[in-house]
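Breakdown of the fold
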Number of protein chains: 2
Amino acid sequence: MYLLYYYPGNANLAPHILLEEIGAEYKLVLVDRSQNQQKSPEYLKLNPNGRIPVLVDGGLVLYEAAAICLHLADRHPAAALAPALGSDARAEFYKWLIYLTNTVQAELLLYFYPERMADAAAAAQIKAHAESRIGEMLDQIEAKLAADAGPFLLGAQYSAADAYLLMLCRWTRGMHHPARTRPQLGRFLDMMMARPATQGAFAGEGIDAPFY
Amino acid sequence: MYLLYYYPGNANLAPHILLEEIGAEYKLVLVDRSQNQQKSPEYLKLNPNGRIPVLVDGGLVLYEAAAICLHLADRHPAAALAPALGSDARAEFYKWLIYLTNTVQAELLLYFYPERMADAAAAAQIKAHAESRIGEMLDQIEAKLAADAGPFLLGAQYSAADAYLLMLCRWTRGMHHPARTRPQLGRFLDMMMARPATQGAFAGEGIDAPFY
């Protein structure tokens, strides 16, 4: 039985989708961000960074959403959420997941929380620049999906990186040019949303439309 | 025979150290940043992000330094650069590598290139804030190394995450409170630098002292 500490729509969404894809037994534990519970002494014992999510797997207390995705994929090889160890496809899988977390997700944090870094005038510049950069990143992913056979990041094979991409695309839904407005990404998001596992995770977190 | 596209001290350093740890056959290919070669049409065919490094492994062209580290670890299990698939230790390894790339490395990019995001006044704020945040991250890693038996991030076992940490710590050497000034991290860096593989990579890139 896994425990997934979550807040609706936060970075727990990708691991949550994977738990549904696997058909694993798990319980959700709400970390109430509206009460700043992610900075409570109890939660900081689980994740000293005060970020959501955390996965508890027996004696293992794991944070970093991308690491949780990798771990779940490894623990459940029958679910085929990642290519075989040592293969070229596995390397491509790592590349996408790492790029999504260290580049796209990192830029999204600048978009959502620019005031953490600077005063109001500077924060406005940071936010605008981040939105522009995220647009360029989405354009590049769009071009990749258009160039390859698809329909997933790794081609014909669904992987944990697709759940991660869906989660990050969802976070762009309030931007001037959100991910869904691009033809390939729009199709990708519709396809991902049609999967029962995705629907199960969204319902489990109580996420309402618009989904992305 | 691997090809590693590099510029001295850039994000290629961690993969380079691992190639030395493995004892793999490889050739270095210089990407001359002083001539902006990482944005040349030829290089953009290898990595559309225009970032260094790229690893060529037969027909595989791989970017994202952390992904290259994972791939090298997987391709060479005898080198024991990552714990066994599906183990708790493997999950911890993912956690550290992901955290280093999506949080510490991402913040270092803000420190080094704040002018990409905003005007001069805002950039000065971004840089100062990034230095402060990186200090907090290093303090947290210091506390982790002090609390556990060490001497590596995963305890007794050297892993690819240690090479990544060394690389990022090196990038703090010009800060007011660089990584080396913390007792545990200072000891860690000295220990890492004593490894022949580290020395081989530094020499191969022509990196001069101070190393970190």
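Here goes a summary of the coordinates provided. Everything numeric here is computed off the predicted structure, so don't read it as measured data.

**Some words on the relation of the copies chain A and chain B**
Take chain A, turn it by 180°, move it 0.0 Å along the axis, and it overlays chain B with an RMSD of 0.0 Å. The relationship between the two copies is best expressed as a two-fold rotation axis. Minimal C-alpha distance to the rotation axis in chain A is attained by N102 of chain A, lying at 1.9 Å. When the interface residues of chain A are mapped onto chain B, 100% of them again lie at the interface, so the same face is used by both copies.

**A short note on the interface of chain A and chain B**
On the chain B side, the residues contacting the 40 residues of chain A number 40 residues. At the boundary of chain A with chain B, total buried surface from both sides reaches about 3,700 Å², with 57% on carbon and sulfur atoms. Inspection of the region where chain A meets chain B yields four salt bridges. Between R75 of chain A and D88 of chain B there is a salt bridge whose closest N-O contact spans 2.6 Å.

**Examining the sheet that holds strand 3 (residues 54-57) of chain A**
Residue and element names in this part refer to chain A. If you trace the four strands from one edge of the open sheet to the other, you get 2-1-3-4, paired in mixed fashion. Of all the strands in the sheet, just strand 2 (26-30) and strand 4 (60-63) have a single pairing partner and so form its edges. Averaged over all adjacent pairs, the angle separating strand axes in this sheet is 20°, with direction ignored. Bridging between strand 1 (residues 2-6) and strand 3 involves three bridges; their strand directions are antiparallel. Paired with L3 across the strands is V56, a residue of strand 3.

**Concerning the pattern of salt bridges**
Tallied over the full model, the rule gives 18 salt bridges over all chains. The partner of E136 of chain A in a salt bridge is R133 of chain A, and the shortest N-O contact between them spans 3.0 Å. Taken together, the residues E136 of chain A and R133 of chain A, both in helix 5 (residues 120-147) and three residues apart, mark about one turn of the helix. As a salt-bridge pair, R90 of chain B and D74 of chain B come within 3.0 Å of each other at their nearest N and O atoms.

**So, the sheet that holds strand 3 (residues 54-57) of chain B**
Residues and elements named next belong to chain B. The mixed open sheet is built from four strands, whose spatial order is 2-1-3-4. Edge positions in the sheet fall to strand 2 (26-30) and strand 4 (60-63), since each of these pairs with one other strand and no more. Going from strand to strand, the sheet's axes swing by 20° on average, the running direction of each strand aside.

**Observations regarding the pairing of strand 1 of chain A**
All names here are of chain A. By the criterion of burial, strand 1 is predominantly enclosed, with four of the five residues buried. Sheet analysis places strand 1 next to strand 2, joined by five bridges and oriented parallel. Paired with L4 across the two strands is L28, which belongs to strand 2. As for the winding sense of the linkage, the β-α-β connection from strand 1 through helix 1 (residues 13-22) to strand 2 is right-handed.

Conventions used here
- Residues numbered from 1 in each chain as written.
- Chains lettered and ligands numbered in written order.
- Predicted model: local features only at pLDDT ≥ 70, side-chain atom pairs only at ≥ 80, totals over all residues.
- Heavy atoms only, no water.
- Least-squares fit on C-alpha atoms with pLDDT ≥ 70 in both.
- Contact = heavy atoms within 4.5 Å.
- Buried area = accessible area lost by both parts, 1.4 Å probe.
- Salt bridge = Lys/Arg side-chain N within 4 Å of Asp/Glu carboxyl O.
- Pairing = 2+ DSSP bridges.
- Helix = DSSP H or I, 4+ residues; strand = E, 2+ residues; numbered from the N terminus.
- Axes fitted to C-alpha atoms, helices over the stretch in contact; angles between N-to-C directions.
- Buried < 20%, exposed > 50% of the residue type's maximum accessible area, 1.4 Å probe, protein only.
- Right-handed = clockwise from strand over helix to strand, strands pointing away.

Limitation: the analysis is restricted to geometry and does not speak to function.
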